[in-house]
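A look at the structure
The chain contents come next:
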Amino acid sequence: MSTSTPSKIAGAGTGTPIIKIRDFDFAYGDSQALFNINMDINQKEVTAFIGPSGCGKSTFLRCFNRMNDLIEIARIKSGKIKISDVNIYDKDVDVIELRKHVGMVFQKSNPFPKSIYDNIAYGLRIQGVKKKSELDQVVERCLRSAALWDEVKDRLSESALGMSGGQQQRLCIARALAVRPKILLMDEPCSALDPIATAKVEELIHELKKDYTIVIVTHSMQQAARVSDRTAFFYLGKLIEYGQTDQIFMNPRDPQTEAYISGRFG
Amino acid sequence: MKRFYQHELEDLRTKLILIGEKANEAARIAVDGFLENDLGKIDQALALDDAIDALEVEIDQASVRYITLRSPVSSDVRFILVAIKASHDLERAGDEAHSIALRAKEILTSDGRSGNTVSIEQMSLLGCSMMTDAISALVEEDVELAKAVILRDKEVNRLHHQNFKTLTIGISDDGTETQTRFQKVFISKSIERIADHAKNLAEEVIYLLEGAK
């Protein structure tokens, strides 16, 4: 599928869609940032958004957990985003609850200035979980899921700020996992990391897709090619092409996609 | 650190070994069928060609996919290049085996027996052992074994020239006999080409392991 026209829904293929986007228009004030996006995102797959700076990929990602609500001039002009068949922009949707189901990892790791343990336990404590044994269990589960347990199990009470950049980013992923989200949004999660730390996060993404749906924005086309099952190419706020990552990188159908991934523009 | 897509290179290596074994098997069975006047073996050799062709396509596709999606460097990128070139050599060796089988079938069908087989058996043993060793050199990453394969190519060439002389001396235009002699020259030439492909594979293994030709 290589279109964003309303009559065609771009590419979930044979998978099971968990996010459905229909006729979605988004603007910052008078400036339209996304134009008539239609696509399905499959559960337990990694979907990568690629495109040049300013193409709208991060804006679009941030629509999935309504992070754009925090920007005063941001507004949805039309369309819907449904997650598990619920329109997340319905008036009765609890945004806090939504963000528990749709976790987010940012470009720059942002651990709380607390211990490694407390970073993971934070979300659960807010939810009212106080039992130490339960918290211990979740902290270990999340650190193991984030491939961090062996590295930090003997220093859980130390400050998270003393960890390396790559460890901090994996800690943020572990923290997002603590509240058992269905979906993880990642906005350039490796852009501040060295190649080894990047490889570890990519390994982690590959492991996590067994249990989670992951949507990742990346400037690195090599990273999109390595980690994702499907790739969506955005340009000037439009979804230009969306399909299986193999097809997008080996045989793109749209000349603009071909030009971008070949480095001829962007 | 082993990357999560590392198994794709292992799969590619397995396919490369498989195509090599099939090409070698096709050549061996085709020549055996000829020497033993066994049309059943020749048909078995002919039947292997489609599988060899299909494997070459699979190796090409997997290689292009790996280059596109995995951004290989260093020994990984050399391995991919070797896979593409070696699969082409092995597919061509399979084609030569197919050609041997077709010519052998024609001889056995028209003459009923293979007759004077000059040094085709010796050449075949040598050529197939070169191929076996070239594949082993790839599997075991053995540079010395690969170098030894290259040295044996000259002997196969010598045997082919000898066969050529023997078979073309005294050729006259007396029909079947002449045609059979030419078929045997072509069989000899095909074995010589199989040995060339084994030599190419050995050179590719050296490039893979040493990073230089």
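Residues numbered from 1 in each chain as written. Chains lettered and ligands numbered in written order. Predicted model: local features only at pLDDT ≥ 70, side-chain atom pairs only at ≥ 80, totals over all residues.

What to know about the overall build of chain B
Selection rule: Secondary structure elements are defined from DSSP: runs of H or I of at least 4 residues count as helices, runs of E of at least 2 residues count as strands, and each element is numbered from the N terminus. What the globule rule says is 2.2 Å times the number of residues to the power 0.38, and the radius of gyration is computed from C-alpha atoms. Counting other C-beta atoms within 10 Å of its own, a residue is labelled buried from 20 upward, exposed at 12 or fewer, and partly exposed in the gap between, with every C-beta atom placed from the backbone.
What chain B contains, in helices and strands, is 7 helices and 0 strands. A compact globule built from 213 residues would reach a C-alpha radius of gyration of about 17 Å, and chain B, at 19 Å, matches this within 12%. Each principal axis of the C-alpha atoms in chain B carries an extent, and together these give about 70 × 30 × 25 Å. Counting the 213 residues in chain B, one finds 43% classified as buried.

Here's the deal with the sheet that holds strand 5 (residues 86-87) of chain A
Convention followed: Only strands joined by at least two bridges in the DSSP assignment are considered to pair.
With respect to topology, 4 strands assemble into an open sheet ordered 2-1-4-5 (chain A), the strand pairing being antiparallel. Lying at the two open borders of the sheet, with one neighbouring strand each, are strand 2 (31-42) and strand 5 of chain A.

Digging into the interface of chain A and chain B
Convention followed: Any pair of residues counts as being in contact when their C-beta atoms, constructed from backbone geometry, are within 7 Å of one another. Under the convention adopted here, Pro, Cys and the residues Ala, Val, Leu, Ile, Met, Phe, Trp and Tyr are nonpolar, Asp, Glu, Lys and Arg are charged, and Gly plus all remaining residues are polar.
Between chain A and chain B, the residue contacts involve 10 residues of the former and 10 residues of the latter. Of all the secondary structure elements, the ones that give two or more residues to the side of chain A that touches chain B are helix 7 (195-208), helix 8 (221-227) and helix 9 (245-250) of chain A. Broken down by element, the side of chain A that touches chain B gets its largest block of residues, 4 residues, from helix 9 of chain A. Among the residues forming the side of chain A that touches chain B, the class breakdown is 4 nonpolar, 3 polar and 3 charged.

Here we look at helix 3 (residues 116-126) of chain A
Residues and elements named next belong to chain A. All of the buried residues in helix 3 are Ile 116, Asn 119, Ile 120, Ala 121 and Gly 123. Buried residues along helix 3 sit against helix 4 (132-145), helix 5 (149-152) and helix 6 (165-177). Looking at the residues trailing helix 3, positive phi occurs at Gly 128, about 100°.

Notes on the nonpolar core
The nonpolar side chains of a soluble globular protein tend to be buried with one another. Put simply, the rule reads: Linking buried Ala, Val, Leu, Ile, Met, Phe, Trp, Tyr and Cys residues through C-beta atoms within 7 Å yields a set, and such a set is a nonpolar core.
Ranked by internal contacts, the top residues of the largest apolar core, which has 132 residues, are Ala27(B), Ala30(B), Ala97(B) and Ala134(B). In terms of residue count, the dominant contributor to this core is helix 4 (residues 74-111) of chain B (12 residues).

Quick look at the pairing of strand 8 (residues 213-217) of chain A
When a strand is regular, its side chains alternate between the sheet's two faces. Residue and element names in this part refer to chain A. To be explicit about the condition: Think of it like this: strands point away, you trace from the first strand over the helix to the second, and a clockwise trace means the crossover is right-handed.
Counting buried positions over the 5 residues of strand 8 gives 5, a clear majority of the element. What you see with strand 8 is no split at all: Thr 213, Val 215 and Val 217 on one side and Ile 214 and Ile 216 on the other are buried throughout. With 4 bridges connecting them, strand 3 (residues 46-50) and strand 8 associate as parallel partners. Opposite Phe 49, over in strand 8, you have Val 217 as the bridge partner. The pairing of strand 7 (residues 183-187) with strand 8 spans 5 bridges and is parallel. Along strand 8, the bridge assignment pairs Asp 187 with Val 217. Of the crossover connections in this fold, the one passing from strand 7 over helix 7 to the parallel strand 8 is right-handed.

Thoughts on the pairing of strand 9 (residues 230-235) of chain A
Residues and elements named next belong to chain A. For strand 9, a buried count of 6 out of 6 residues is recorded, marking the element as mostly surrounded by other parts of the structure. Two strands pair when backbone bridges link them, and strand 9 and strand 10 (residues 238-244) are joined in this way by 6 bridges, in the antiparallel orientation. The residue bridging Phe 233 from the neighbouring strand is Glu 241, located in strand 10. A loop of 2 residues connects strand 9 with strand 10, the two strands running antiparallel in sequence, and Leu 236 in this loop sits at a positive phi of about 50°.

Let's talk about the confidence of the model for chain B
Residues and elements named next belong to chain B. What counts is decided by this rule: pLDDT measures how confident the predictor is about each residue, on a scale from 0 to 100.
Of all residues in chain B, 97% have pLDDT values of 70 or greater, and the mean over the chain is 93. Averaged pLDDT values for the elements of chain B fall to 93 in helix 7 (residues 176-210) and rise to 97 in helix 2 (residues 39-47). Among the prediction metrics, the complex's ipTM stands at 0.76, with pTM recorded as 0.83.

Things to note about the environment of Phe164(B)
Residue and element names in this part refer to chain B. Examined against the element boundaries, Phe 164 turns out to sit in helix 6 (residues 143-168). Its 16 C-beta neighbours within 10 Å are what place Phe 164 among the partly exposed residues. Along the backbone, Phe 164 and Arg 28 are 136 residues apart, and their C-alpha atoms lie at a distance of 21 Å. If we ignore the near neighbours within four places in the chain, the residues touching Phe 164 are Val 185 and Ser 188.

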